[in-house]
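Structure assessment
One-letter residues, chain by chain:
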Amino acid sequence: MNEEKKYLNQTRDDYRYILKIPTRWMDNDVYHHVNNVIYYSYFDTAVNEYLIRNNVLNYEEGKVIGLVIETSCSYLKPIKFPDTIDAAIRVAHLGNSSVRYEIGLFNSLDSSPSALGYFVHVYVNRSDRKPVTLPVNLRSALEKILVK
C-alpha cells in the first residue's frame, strides 16, 4: 500500500488522544475554507494542550522546552467555519531528546481525515538551548500516546 492510501485510511482509532477544536469565523480565507496556516495552529494547540493537561509543560518557567524543528501537513479535504474538528494526536517516535508527534484533523461529522501532519520537537534546556534527555515525567506522558 502506498503512502497516500495509508493516509486516506487513517481513522480516529489510529490516534491516542483527541481534542475538540471549534473553528472560528476568522479562520476562513477568501476561498471560504480554513486557511492552510491555521492547520498548524490546530496541531500546536492539540499537542500543547495534551502536555499541559498532563502537567509536563510549564511554558512560562520550565527548565526544559520543546522546539519545533520539522513540520509537514497533507491537506485532504477542506475544513470551514463553523465546523468543529477533532484534533487527534499520537507519538510515532520517542527518542532521547526528540519526539515526533503525528496529528490527524477530522471534521466531527466525518470519519476520514481532512488533514494529516506531523511535527518534531527537540527538547532543550531553556537557558542555553542545548538538547537534553527527556525528563521522566514527560517521557511517561508521551509513552501513553505512543504507537508502535
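The structure we're discussing is the one just above.
All of the points below concern the structure found in this document.

**Concerning the overall build of the protein**
When its secondary structure is counted, the protein shows three helices and five strands. Here the C-alpha radius of gyration of the protein, 16 Å, is about what a compact globule of 148 residues would show, namely 15 Å. Each of the three principal axes of the protein carries a C-alpha extent, and together these read 45 × 35 × 25 Å. Considering the protein as a whole, with its 148 residues, one finds that 43% of them fall into the buried category. The long-range fraction of contacts in the protein, counting pairs at least 24 apart against all pairs at least 6 apart in sequence, stands at 71%. Summing over all exposed atoms, the protein offers an accessible surface of approximately 8,600 Å²; the carbon and sulfur share of this is 52%. Separation of charge centres in the protein, based on 18 positive and 17 negative side chains, amounts to 4 Å.

**A word on helix 2 (residues 36-53)**
If you check helix 2, its first and last C-alpha atoms are 27 Å apart, about what 18 residues at 1.5 Å a residue would give, namely 26 Å. Where helix 2 is buried, its residues meet strand 1 (17-22), strand 2 (64-75), strand 3 (84-94), strand 4 (98-107), strand 5 (115-125) and helix 3 (136-143). For helix 2, the side-chain oxygen to backbone nitrogen distance between the N-cap and valine 37 is 3.1 Å, and the N-cap itself is asparagine 35. With its phi angle positive at about 55°, asparagine 55 sits one or two positions after the end of helix 2.

**Remarks on the nonpolar core**
Proteins that are soluble and globular tend to have nonpolar side chains buried together. Residues Leu51, Ile89, Val99, Tyr101, Ile103, Leu105 and Leu142 are the most contacted members of the largest nonpolar core, which totals 32 residues. Secondary-structure elements contributing two or more residues to this core are strand 1, helix 2, strand 3, strand 4, strand 5 and helix 3. Those residues in contact with leucine 142 that lie beyond four places of it in its chain are Leu51, Val91, Leu94, Val99 and Tyr101.

**A short note on the environment of isoleucine 145**
Summarising the element assignment, isoleucine 145 is placed in the segment after helix 3. Taking the C-alpha atoms as reference points, isoleucine 145 and alanine 92, 53 residues apart in sequence, are found 8.6 Å from one another. Residues contacting isoleucine 145, with those up to four places away along its chain left out, are Arg16, Tyr17, Tyr50, Ile89, Arg90 and Val91.

**A look at the side chain of arginine 12**
Structurally, the position occupied by arginine 12 is in the loop between helix 1 (3-8) and strand 1. At 2.8 Å, the side chain of arginine 12 forms a polar contact with the side chain of aspartate 86. With residues near it in sequence (within four places) discarded, arginine 12 still touches Ile18, Asp86, Phe106, Asn107, Ser108, Asp110 and Ser111.

**As for the sheet that holds strand 1**
Ordered by their spatial adjacency, five strands build an open sheet running 1-3-4-5-2, and the pairing between neighbours is antiparallel. Two strands lie at the open edges of the sheet, namely strand 1 and strand 2, each paired on one side alone. Neighbouring strand axes in the sheet, compared pairwise and without regard to direction, differ in orientation by 25° on average. Pairing analysis gives nine bridges linking strand 3 to strand 4, with the strands arranged antiparallel. When the sheet's bridge partners are listed, isoleucine 85 is paired in strand 4 with asparagine 107. Here helix 3 sits on the sheet and contacts strand 3, strand 4 and strand 5; the angle it forms with strand 3, its principal contact strand, is near 120°.

Conventions used here
Residues numbered from 1 in each chain as written. Predicted model: local features only at pLDDT ≥ 70, side-chain atom pairs only at ≥ 80, totals over all residues. Heavy atoms only, no water. Helix = DSSP H or I, 4+ residues; strand = E, 2+ residues; numbered from the N terminus. Rg over C-alpha atoms; globule rule 2.2 N^0.38 Å. Buried < 20%, exposed > 50% of the residue type's maximum accessible area, 1.4 Å probe, protein only. Contact = heavy atoms within 4.5 Å. Areas by Shrake-Rupley, 256 points an atom, 1.4 Å probe, with all protein chains shown as cover. Lys, Arg positive; Asp, Glu negative; His and termini not counted. Charge placed at Lys NZ, Arg CZ, Asp CG, Glu CD. Expected span 1.5 Å × (residues − 1). Polar contact = N/O pair within 3.5 Å; in protein donor to acceptor, adjacent residues only side chain to side chain. Core = buried A, V, L, I, M, F, W, Y, C linked by side-chain atoms within 4.5 Å. Pairing = 2+ DSSP bridges. Axes fitted to C-alpha atoms, helices over the stretch in contact; angles between N-to-C directions.

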